[in-house]
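# A look at the structure
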Amino acid sequence: MNRINLLKRKNKKGAEEQDSFISLILAVIAIGLLVFGIVKIYYGNVQIEEKNAKEIANIVEARINALESGQEGNFLVRSPCSADNTEECNWFIAGWGRDEVDKPDKCFINSCVCVCKGSRGSWSSICQDSGLCRDVNVKEVDVMNEGTTTSSSGDMYGGPGPTISTKVDYDYIPLNKPISEIEIDKTEDKIEVRSRGL
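### Comments concerning the sheet that holds strand β3 (residues 111-117)
- Taken together, four strands build an open sheet; the order of strands is β4-β3-β2-β7 and the sheet is antiparallel. The sheet is open, and its two borders are formed by β4 (132-136) and β7 (173-174), each paired with just one other strand.
- The pairing of strand β2 (residues 91-96) with β7 spans two bridges and is classified as antiparallel. Bridge pairing in β7 places F92 opposite P174.
- On top of the sheet, helix α2 (residues 123-130) reaches β2, β3 and β4; it is set at about 110 degrees to β2, its chief contact.

Below you can see the structure in the form of structure tokens.
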């Protein structure tokens, strides 16, 4: 009788271990599916951003090519980032003239306009790594964003001081707003790509 009880206990213990093993396998599968889903969503968003940035580069190139010397044009572009992530969007427009030394190798011989992703640093190296560059057939390219920066200084008693606004021109156009207005002026030897407000 003791042998039978002992066998029943061993069988019961074996069944419990088997149930624990199956639960462990199911938990590992569930965690794997969760990680897979998160990675898929993240890379899906990255691919959408890159696709949108490529569209912006194509639009800028098409607008430049459509203009004759002496003409200017305005158009709107959507941020390559999703609408709820535009403030953290690191995409920007930059450009280099034919004779500039510090430009991406992608623009080695020609002038170019690029849509790139990255934060502060050398625009040239950022655009070499992540840039969607388009050649333009002019000698000079100026990209600028006209904006203002505000600062305040304290008074001599430690209280708030006056707020000072300063006009600043940046050599890139950030694409961190849901919609940006881009202006292009084209002459025979030069293209100016501008946006107002930073």
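### Let's talk about the pattern of salt bridges
- For the structure shown, the criterion picks out nine salt bridges.
- Its salt-bridge partner being D185, residue R194 comes within 2.8 Å of it at the nearest N-O pair.
- Take R194: its relative accessible area is 9%, and that puts it in the buried class.
- The salt bridge involving E192 is made with R194; its shortest N-O contact spans 2.7 Å.
- Salt bridges linked by common partners bring D142, E183, D185, K190, E192 and R194 together as one network.

### Description of the pairing of strand β9 (residues 190-196)
- In this structure, strand β8 (residues 179-186) lies alongside β9, joined through four bridges in antiparallel fashion. Considered in β9, the bridge of D185 is made with E192.

Definitions and cut-offs
- Residues numbered from 1 in each chain as written.
- Predicted model: local features only at pLDDT ≥ 70, side-chain atom pairs only at ≥ 80, totals over all residues.
- Heavy atoms only, no water.
- Pairing = 2+ DSSP bridges.
- Helix = DSSP H or I, 4+ residues; strand = E, 2+ residues; numbered from the N terminus.
- Contact = heavy atoms within 4.5 Å.
- Axes fitted to C-alpha atoms, helices over the stretch in contact; angles between N-to-C directions.
- Salt bridge = Lys/Arg side-chain N within 4 Å of Asp/Glu carboxyl O.
- Buried < 20%, exposed > 50% of the residue type's maximum accessible area, 1.4 Å probe, protein only.

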